[in-house]
Amino acid sequence: MACDAQELKHVPLFALLDEEEACVLASQVEVRKFAPRQRIYKIGDTGDRAYVMVTGKVRVTTVDEDHQELVVDEPSHGEFFGFASMLEQTPHQTNAVAMEETTCIEVDRSDIAVLLERKPMAGMDMLTVLGRQFHASQQLVRLRAMRNPNDVIEKDATFGERIADHVAGFGGSWTFILTFLAALVVYSGLSILRGNKSWDPYPFILLNLFLSMLAAIQAPVIMMSQNRQDTKDRLRGELDYDVNRRAESEIQGLARKLNALDDKLSDIHNHVHSGISAGPTGEAVR
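What counts, and at which threshold
Residues numbered from 1 in each chain as written. Predicted model: local features only at pLDDT ≥ 70, side-chain atom pairs only at ≥ 80, totals over all residues. Heavy atoms only, no water. Helix = DSSP H or I, 4+ residues; strand = E, 2+ residues; numbered from the N terminus. Buried < 20%, exposed > 50% of the residue type's maximum accessible area, 1.4 Å probe, protein only. Contact = heavy atoms within 4.5 Å. Areas by Shrake-Rupley, 256 points an atom, 1.4 Å probe, with all protein chains shown as cover. Phe/Tyr/Trp six-rings, centres within 6.5 Å; stacked < 30°, edge-to-face > 60°. Arc of directions from axis to C-beta. Polar contact = N/O pair within 3.5 Å; in protein donor to acceptor, adjacent residues only side chain to side chain. Pairing = 2+ DSSP bridges. Axes fitted to C-alpha atoms, helices over the stretch in contact; angles between N-to-C directions.

### Regarding the overall build of the protein
At step 1: Per the secondary structure count, the protein includes 9 helices and 8 strands.
At step 2: Per-residue burial for the protein yields a buried fraction of 28% across its 286 residues.
At step 3: Here the contacts in the protein between residues at least 6 apart in sequence split such that 68% fall between residues at least 24 apart.
At step 4: In the structure as shown, the protein presents an accessible area of about 19,100 Å², 59% of it carried by carbon and sulfur atoms.

Next comes the structure, spelled out in structure tokens:
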């Protein structure tokens, strides 16, 4: 189907074309219509054509390493999809499916070549479109990246907080308990053996002072470490919630696909059954 030259004016990439150039390009490109749930292209298809949204709704998706479907883009009126693969002449890295009755302008590489010959500055607009897609991909990667809560906490931890973790970790170990017990026995034994000449005779007032000072310092340090542990637990909970929510979304999407597949199989079954019942001449078989 031929394309209306005025429709190209609504595409940011072709907005700078004059009337003559728009007519030339409109005579080369084609207008394609897609039914609801119809696949426009899939991953691995030859990327020799790109599409511009006119009406309807298209969802562009990809599949990550966990075989989960990710929504890359939902282009609006006048926006491209499949453009990078068309320029590079490489297979498509995404899937594009019409979510409802959709009309698109189909553009191939030769159409772009003619456009650049007549309007070289349109190349800057193409670079802008590619730049936006690149930024969108980067944002998608950042959002999908799984964060390790321990790495996040350690990255933002101050020197004092790291010291508190080490002190709390050592203070709650058997190494500290046995070492501290041995030091108390040695201290008390030496003080008793020296008798009246001891620097801290019984009841070990100096030792009690040291123990009180140690407890006064150790208690807030341990509380600081516990607060950091609470922060780690809260971050783990948030990440688990994100994972569960994404898993729920993927399960719902899978359920929708299975329901759609079941409907298609039912339609095929009914069609085949009606054809068999009608017989080869179109009359009912008895």
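### Looking at the side chain of S191
At step 1: Counting through the fold element by element, S191 comes out in helix α8 (residues 174-194).
At step 2: In contact with S191, other than residues within four places in its own chain, are S198, W199, D200, P201 and F204.

### Some remarks on the packing of aromatic side chains
At step 1: Enumeration according to the criterion identifies 6 aromatic pairs in this entry.
At step 2: Note on Y51 and F81: the rings are 5.6 Å apart at their centroids and 20° apart in plane angle, and the pair reads as stacked. With Y51 in strand β3 (residues 49-55) and F81 in strand β6 (residues 80-81), this pair connects stretches of sequence that are 30 residues apart. Each member of the pair, Y51 as well as F81, carries the same accessibility label: buried.
At step 3: Site record: aromatic cluster; members linked through ring pairs are F34, Y41, Y51 and F81.

### Comments concerning helix α4 (residues 109-118)
At step 1: Listed in full, the buried residues belonging to α4 are D111, I112 and L115. Each buried residue of α4 sits inside an arc of 95° when the element is viewed along its axis, so together they form one side.

### Quick look at the environment of R39
At step 1: Relative to the helices and strands, R39 resides in strand β2 (residues 39-41).
At step 2: Its relative accessible area of 52% is what places R39 among the exposed residues.
At step 3: Expressed as a C-alpha distance, the spacing of R39 and R59, which sit 20 residues apart in the sequence, is 9.8 Å.

### A few points about the environment of R49
At step 1: Mapped onto the elements of the fold, R49 is located in strand β3.
At step 2: The partly exposed category is assigned to R49, whose relative accessible area is 35%.
At step 3: As for R49 and M86, which are separated by 37 residues in sequence, their C-alpha atoms are 5.3 Å apart.
At step 4: Apart from the residues lying within four places of it in its own chain, the contact partners of R49 are G82, M86, H92, E106, V107 and D108.
At step 5: Here E106 takes part through its side chain, which lies 3.4 Å from a polar atom of the side chain of R49.

### What about the sheet that holds β3?
At step 1: Reading across the sheet, the 4 strands line up as β1-β8-β3-β6 and stay open at both edges, with antiparallel pairing between neighbours. Only two strands of the sheet have a single neighbouring strand rather than two, namely β1 (30-34) and β6.
At step 2: Where β3 meets strand β8 (residues 102-108), 6 bridges bridge the pair, whose relative direction is antiparallel. Residue pairing across strands places M53 opposite C104, the latter belonging to β8.

### A short note on the side chain of S85
At step 1: Relative to the assigned elements, S85 resides in helix α3 (residues 83-88).
At step 2: Those residues in contact with S85 that lie beyond four places of it in its chain are G47, T90, P91, H92 and Q93.

### Overview of the sheet that holds strand β4 (residues 58-63)
At step 1: Strands sit in the order β2-β7-β4-β5 across an open sheet of 4 strands; the sheet is antiparallel. Each edge of the sheet is formed by a strand with only one pairing partner; in this case those strands are β2 and β5 (69-73). Within the sheet, the average angular offset between the axes of one strand and its neighbour, ignoring direction, is 35°.
At step 2: Pairing analysis gives 2 bridges linking β2 to strand β7 (residues 95-98), with the strands arranged antiparallel. Within β7, the position partnered with R39 by the bridge is V97.

### Considerations on unusual backbone geometry
At step 1: If you check the backbone angles, R37 has positive phi at about 70° while not being a glycine.
At step 2: Within the secondary structure, R37 sits in the loop between β1 and β2.

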